[in-house]
Amino acid sequence: MTDPLPVLELDGITKRFGALTANDDVSLSLQKGEVLALLGENGAGKTTLMNILFGHYAADAGEVRVAGKPLPAGTPRAAIAAGVGMVHQHFTLAGNLTVLENIVIGAQPLWSTSLNRDAAAARIRDLSATFGLPVDPDARVGDLSVGERQRVEILKALYRDARILILDEPTAVLARPEAEQLFRILRGMAQGGLSIIFISHKLHEVMGASDRVVVLRGGKVVAERRTAETNPAELAELMVGRAVARPKRQAHEAGPPVVVARGLSVSHGGGMALDHVDFDVREGEILGIVGVSGNGQAMLGRVLSGLARPVGGTITFQGRDIGRLTPRQAVRMGIGRIPEDRHAEGVVGDLAVWENAVLERLDEVSRWGFVRRAAAKERAAALIRRFDIRGAGPETRTRLLSGGNMQKLILGRNLAAGPRFLLANQPTRGLDEGAIAAVHSELLQARAEGAAILLISEDLDEAVGLSDRLQAIVKGRLSEPIPAEEADARKLGLMMAGVWAAPQGVSHAV
Amino acid sequence: MMEALEILTNASLWAAVLRIATPLIFGVLGALVCERAGVLNLGIEGIMTLGAMVGWLTVYWGADLWTGLAVAVLAGMMMGWLHAMLTVPLGLSQHVSGLGITLFASALAYYLYRLWVQVGDLPPTIEPFQPWAVPGLSAIPFLGEAVFTQMPPTYLAMLLVVLLAWALNHTPVGLALRMTGENPHAVEAQGLNPNRIRIWAVMAGSGLMALGGAFLTTGAFNSFFPTMVQGRGWICIALVVFASWRPGKALLGAILFALFDAFQLRLQTVVEGVPYQLFLMAPYLLSILALILVARRARVPEALMQPYRRGER
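Analysis parameters
- Residues numbered from 1 in each chain as written.
- Chains lettered and ligands numbered in written order.
- Predicted model: local features only at pLDDT ≥ 70, side-chain atom pairs only at ≥ 80, totals over all residues.
- Heavy atoms only, no water.
- Helix = DSSP H or I, 4+ residues; strand = E, 2+ residues; numbered from the N terminus.
- Rg over C-alpha atoms; globule rule 2.2 N^0.38 Å.
- Buried < 20%, exposed > 50% of the residue type's maximum accessible area, 1.4 Å probe, protein only.
- Contact = heavy atoms within 4.5 Å.
- Areas by Shrake-Rupley, 256 points an atom, 1.4 Å probe, with all protein chains shown as cover.
- Arc of directions from axis to C-beta.
- Polar contact = N/O pair within 3.5 Å; in protein donor to acceptor, adjacent residues only side chain to side chain.
- Pairing = 2+ DSSP bridges.
- Domains from an automatic or database assignment.
- Buried area = accessible area lost by both parts, 1.4 Å probe.
- Salt bridge = Lys/Arg side-chain N within 4 Å of Asp/Glu carboxyl O.
- Nonpolar A, V, L, I, M, F, W, Y, C, P; charged D, E, K, R; others polar.
- Patch = residues over 30% accessible without salt bridge, like charges linked within 9 Å, V, L, I, M, F, W, Y side chains within 5 Å.
- Lys, Arg positive; Asp, Glu negative; His and termini not counted.
- Charge placed at Lys NZ, Arg CZ, Asp CG, Glu CD.
- 1 Å grid on protein atoms, 1.4 Å probe; cavity = no way out; pocket = protein on both sides within 12 Å on 5 of 7 lines; lining within 4 Å.
- Points joined across faces, edges and corners; volume = space filled by probe spheres on them.
- UniProt positions renumbered as here; feature names shortened; annotations may be inferred.
- Core = buried A, V, L, I, M, F, W, Y, C linked by side-chain atoms within 4.5 Å.
- Axes fitted to C-alpha atoms, helices over the stretch in contact; angles between N-to-C directions.

Now for the overall build of chain A. Within chain A one finds 17 helices and 23 strands. Since a compact globule built from 510 residues should have a radius of gyration of about 24 Å, the 25 Å found for chain A is in line with a globular shape. C-alpha extents for chain A along the principal axes are approximately 70 × 65 × 50 Å. The buried share of chain A, reckoned over its 510 residues, is 53%. A fraction of 66% describes how many contacts in chain A between residues 6 or more apart in sequence connect residues 24 or more apart. Working note: accessible area of chain A is about 22,800 Å², and carbon and sulfur atoms make up 51% of it.

Residues and elements named next belong to chain A. Looking only at helix α17 (residues 489-496), the buried set comprises L492, M495 and M496. For α17, the buried positions fall inside an angular range of 95° around the axis, keeping them on one side. Taken together, the buried residues of α17 touch β13 (286-290), α16 (460-466), β21 (469-474) and β23 (482-483). Sitting at the head of α17, D488 places a side-chain oxygen 3.1 Å from the backbone nitrogen of R490. Of the residues trailing α17, G498 is marked for its positive phi of about 90°.

A few words now on the sheet that holds strand β12 (residues 271-282) of chain A. All names here are of chain A. Here 4 strands make up an open sheet; going across it, the order is β12-β11-β14-β15 and the pairing antiparallel. Both edges of this open sheet fall to β12 and β15 (320-321), since each of them pairs with a single strand only. In the sheet, strand β11 (residues 257-268) pairs with β12 via 8 bridges, with the strands oriented antiparallel. If you follow P257 over to β12, its bridge partner there is R282.

Residues and elements named next belong to chain A. We note that the domain assignment places domain 1 (8-240) and domain 2 (257-344 + 418-509) within chain A. Taking only C-alpha atoms into account, the centre of domain 1 sits 37 Å from that of domain 2. Of the roughly 410 Å² buried between domain 1 and domain 2 on both sides combined, carbon and sulfur atoms contribute 54%. The largest per-residue losses of area from domain 1 upon contact with domain 2 belong to E41, N42 and H201, which jointly make up 67% of the total buried on that side. The tally of links between domain 1 and domain 2 comes to 0 salt bridges. Looking at side-chain class alone, the side of domain 1 that touches domain 2 contains 2 nonpolar, 2 polar and 1 charged residues.

All right, on to a positive patch on the surface then. Together, R246, K249, R296, R297 and R299 of chain B make up a region of like positive charge exposed at the surface. Assignment of secondary structure puts R296 of chain B in the segment after α13 (276-295).

For the rest of this paragraph, the subject is the layout of surface pockets. Of the voids in this model, the second largest pocket is the one considered here, and its volume is about 790 Å³. Around the second largest pocket, the lining comprises 31 residues; the ones closest to its centre are L110 and W111 of chain A together with V173, I197 and W200 of chain B. By residue number, the principal contributor to the lining of the second largest pocket is helix α10 (residues 194-220) of chain B, which donates 10 residues. Counted by class, the lining of the second largest pocket contains 20 nonpolar, 7 polar and 4 charged residues.

The next thing to look at is the UniProt feature "transmembrane region" (unreviewed entry) in chain B. Taken from the UniProt record, the annotation "transmembrane region" (unreviewed entry) applies to residues 12-32, 39-59, 65-84, 96-113, 155-177, 197-217 and 274-295 of chain B. For residues 155-177 of chain B, helix accounts for 96% and strand for 0%, while the C-alpha atoms at its two ends are 25 Å apart.

Across the boundary between the two partners, chain B contributes 26 residues, which contact 35 residues of chain A. When chain B packs against chain A, close to 2,500 Å² is buried across both sides, 60% of that on carbon and sulfur atoms. Together, P172, L175 and Q190 of chain B form the three largest contributors to the area buried by chain B at its contact with chain A, with a combined 25%. Joining chain B to chain A, the criterion identifies 10 residue pairs in polar contact (both at pLDDT 80 or more). At the level of secondary structure, the elements contributing two or more residues to the side of chain B that touches chain A comprise α7 (152-170), α8 (172-182) and α9 (184-189) of chain B. Per element, the largest residue contribution to the side of chain B that touches chain A is 7 residues, and it comes from α8 of chain B. Split into classes, the residues belonging to the side of chain B that touches chain A amount to 11 nonpolar, 8 polar and 7 charged.

Let's shift gears to the nonpolar core. The biggest cluster of nonpolar side chains holds 145 residues, and the ones touching the most others in it are I154, L165 and M189 of chain A. Per-element tally for this core: the top contributor is helix α2 (residues 11-36) of chain B, with 13 residues. Each residue touching L165 of chain A, except ones within four places of it in the same chain, is listed here: G85, V87, I154, A157, L186, M189, S195, I196 and I197 of chain A. Membership of the second largest hydrophobic core comes to 35 residues, among which are V347, A352, V365 and L411 of chain A.

On the surface, a cluster of nonpolar side chains totalling about 550 Å² of accessible area is made up of V274, L278, M281, L285, I288 and I292 of chain B. Following the sequence through the fold, I288 of chain B ends up in helix α13.

Pairs may arise between side chains of opposite charge once their charged atoms sit close together. Residues and elements named next belong to chain A. Per the counting criterion, the structure on display carries 35 salt bridges over all chains. Its salt-bridge partner being R65, residue E63 comes within 2.7 Å of it at the nearest N-O pair. Here R65 falls in the buried class, since its relative accessible area comes to 17%. For E101, the salt bridge identified is with R117, shortest N-O distance 3.1 Å. Of this pair, E101 sits in helix α3 (residues 99-104) while R117 sits in helix α4 (residues 117-131), and the two are 16 residues apart along the sequence. Taking the relative accessible area as the measure of exposure, E101 reaches 5% and is therefore buried. One connected set of salt bridges, linked through shared partners, spans E9, D11, E63 and R65.

All names here are of chain B. Accessibility expressed as a relative area gives 9% for S97, which makes it buried. For the pair S97 and G207, spaced 110 residues apart in sequence, the C-alpha to C-alpha distance is 17 Å. Leave out the neighbours within four places in its chain, and S97 touches H83, L86 and T87.

Let us look at the pairing of strand β6 (residues 84-87) of chain A. All names here are of chain A. Burial of β6 is two-sided: the residues V84 and M86 facing one way and the residues G85 and V87 facing the other way are all buried. In the sheet, β6 pairs with strand β7 (residues 164-167) via 4 bridges, with the strands oriented parallel. Each residue of the ladder has a partner; that of M86, found in β7, is I166.

Two modes of strand pairing occur in sheets, parallel and antiparallel, and in both the strands are linked by backbone hydrogen bonds. Residues and elements named next belong to chain A. The strand order β2-β1-β4-β5 describes an open sheet built from 4 strands, whose pairing is antiparallel. The open sheet has two edge strands with one neighbour each: β2 (20-30) and β5 (69-70). By the bridge criterion, 7 bridges tie strand β1 (residues 8-17) to β2 in an arrangement that is antiparallel. Note on β2: the bridge partner recorded for L10 is L28. In this fold helix α1 (residues 46-54) packs onto β1, β2 and β4 (61-66), with an angle of close to 115° to the strand it touches most, β1.

Turning to the UniProt feature "domain: ABC transporter" (unreviewed entry) in chain A, a few remarks are in order. Per the UniProt annotation, the sites labelled "domain: ABC transporter" (unreviewed entry) are residues 8-243 and 259-500 of chain A. End-to-end, the C-alpha atoms of residues 8-243 of chain A are 32 Å apart, and along that stretch the chain is 35% helix and 26% strand.

Spelled out as structure tokens, the structure:
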């Protein structure tokens with residue numbers, strides 16, 4: 001049997017933004033009932049390609065064909081009419097409107113005299129039941145969880161009779177169980193005859209959920225594989241263009257404690273965000289804090305950055321109390337900080353790279369209250385060279401950097417000062433494999449130079465790979481530390497579930 | 001105290017309230033349509049002034065009153081088109097553009113008035129709308145005089161409140177309008193053009209604003225003078241917030257303000273020894289107070305004042 005006519009073909013798609021060629025002669029096809037993964041690093045052109053397919057952009061060259069018929073360029077309306085539905089990474093929903101309203105808009109002629117709410121609600125319930133996407137049509141979208149909102153996005157496409165579903169990084173906002181459930185649903189849809197493209201840079205997802213993989217790098221298709229005939233290592237190499245391996249931690253002796261917390265407590269919103277936690281971070285050591293997000297990690301980061309005040313216990317840095325520290329004092333004392341949300345707290349997107357590079361140490365590049373621009377830019381240029389920040393000069397607007405390069409800038413401006421203590425809060429969240437490896441090797445380098453590092457991470461592979469010792473955070477409480485060598489999946493799982501040896505004296509009480 | 005009660009229970013007060021509220025109702029509905037689509041239209045004060053002039057002039061030149069209103073609406077839509085062009089495809093600051101439109105439209109109104117009308121000692125006048133008693137209903141005691149003996153545009157204003165409230169909640173075009181003010185990206189992703197919706201919304205809203213202005217010269221009064229809008233446009237902008245962007249509450253707000261206004265006018269005549277300026281101030285003070293009490297819970301359209309450019313996030 002030969003392949004039937006593909007439901008979708010992209011033929012020679014090229015798209016340029018100024019000097020940047022986002023897509024360079026990209027061709028791919030999709031069969032009915034197939035799940036295709038579009039794999040690539042951040043900035044490889046995946047989203048641009050899908051935006052062309054859905055009509056958000058018009059391609060400079062090339063053609064999109066649905067079931068053999070060319071699709072007019074640059075109109076989402078035509079794409080929807082041809083049966084293409086898109087689930088955007090940043091959901092396109094109106095929080096103040098109901099689920100039903102978000103779904104039916106655009107589905108009927110604009111000048112109809114009625115929304116036919118009852119019929120629409122019945123149809124939504126029907127689709128929900130068929131595809132396993134439970135959601136209340138009358139709920140306000142702003143009240144829904146992220147997972148539920150994604151269901152609404154999918155239902156929007158199904159409501160318009162989509163036969164081809166595009167999902168842009170669908171798991172970026174989901175927790176692991178939700179993501180697994182999503183892929184089960186997508187598999188069911190494919191069996192029901194829908195064709196699916198999902199964008200991802202996560203190898204395990206691609207391996208687990210797709211039939212076929214197209215790898216995009218630098219805007220070009222570099223490879224296409226049947227999922228069954230490839231493996232994660234090959235895909236990683238294809239995606240990055242070279243063999244990537246995360247660096248390994250070398251054993252070495254840790255020095256005396258640098259940061260010591262005893263009975264540290266922080267209240268938040270009436271409860272305790274941190275509840276009598278104890279930890280030591282020693283010179284030349286990485287202490288990993290693992291746990292499911294929302295268990296107090298954010299508050300731990302805030303206390304150590306000087307953004308929150310403890311209500312009890314002590315926290316010291318080289319013997320000095322740092323409980324009432326301001327962020328400025330923290331910087332001056334040699335405490336480096338990599339914030340959890342680099343866009344919100346790490347950089348000012350609209351300022352130039354050089355401004356972000358010196359912002360927390362302005363006095364070092366100022367004289368008489370004036371910033372010496374030449375010196376500041378030279379400092380930024382040095383960071384760019386030393387930390388391999390790509391796609392940027394000192395004058396580049398920071399917003400334009402990719403996530404990985406932005407993170408290297410933040411890391412670089414902290415490490416260049418030779419910090420005695422570094423707080424690394426989710427340092428590789430949202431980064432691709434190449435950037436993760438770069439961040440890891442910088443952290444290990446700082447450790448080798450004697451920095452004490454507190455690593456907060458939800459990524460267990462990362463935490464175990466980098467840390468010398470690990471503690472789990474559960475509901476604001478910290479477990480006893482265990483050496484990384486003793487950490488296995490079962491033990492960590494128990495720790496993160498809050499099961500750890502009870503404090504002495506209480507143990508074995510019946 | 002007794003006097004105040006006497007004024008409040010007099011049907012003629014309530015008839016005056018609806019008359020005073022009429023231009024506010026048109027204006028607040030106009031502002032509401034613009035803002036529900038995500039565009040703040042501070043051109044309202046000038047658009048009302050221009051509407052007042054154009055409506056009056058059309059009638060002065062011999063057209064009938066309804067034609068005057070229609071031409072005023074067209075003039076308002078033209079100003080709305082200008083504001084929409086500057087703020088929607090070009091994405092300029094809605095505040096700056098709106099204030100510019102107000103200055104421009106007010107000046108244009110006065111300029112054209114002086115250019116085309118010979119003004120003697122007294123401004124020329126037209127024959128304005130007369131109250132029209134609704135057959136049957138106007139015979140109801142109290143209500144008949146208070147509500148059902150009004151000028152026709154007042155009935156039109158009431159009707160528009162109902163129509164707009166229904167259209168916003170129960171028609172696809174109303175949903176598209178609301179969605180555009182909440183998240184234009186969502187509108188685009190569903191195959192509609194949010195900027196086209198915004199342009200039409202601003203034009204329609206500006207037409208309503210001009211209608212409110214035209215009522216001042218063809219109903220409430222019978223001649224035009226340049227300062228006659230007297231901040232009613234700004235009151236409408238505040239009333240939209242007071243109303244949480246809902247037509248029904250907008251009607252309530254307009255009536256409340258008109259009540260303060262009509263009440264203080266009558267109070268001026270019975271209370272002695274208090275400077276009348278204090279009474280003039282009262283409706284505005286009370287409006288600010290009402291706004292403080294109500295507006296904190298208001299649910300603002302999320303994309304209000306955010307320009308939408310395709311392909312940007």
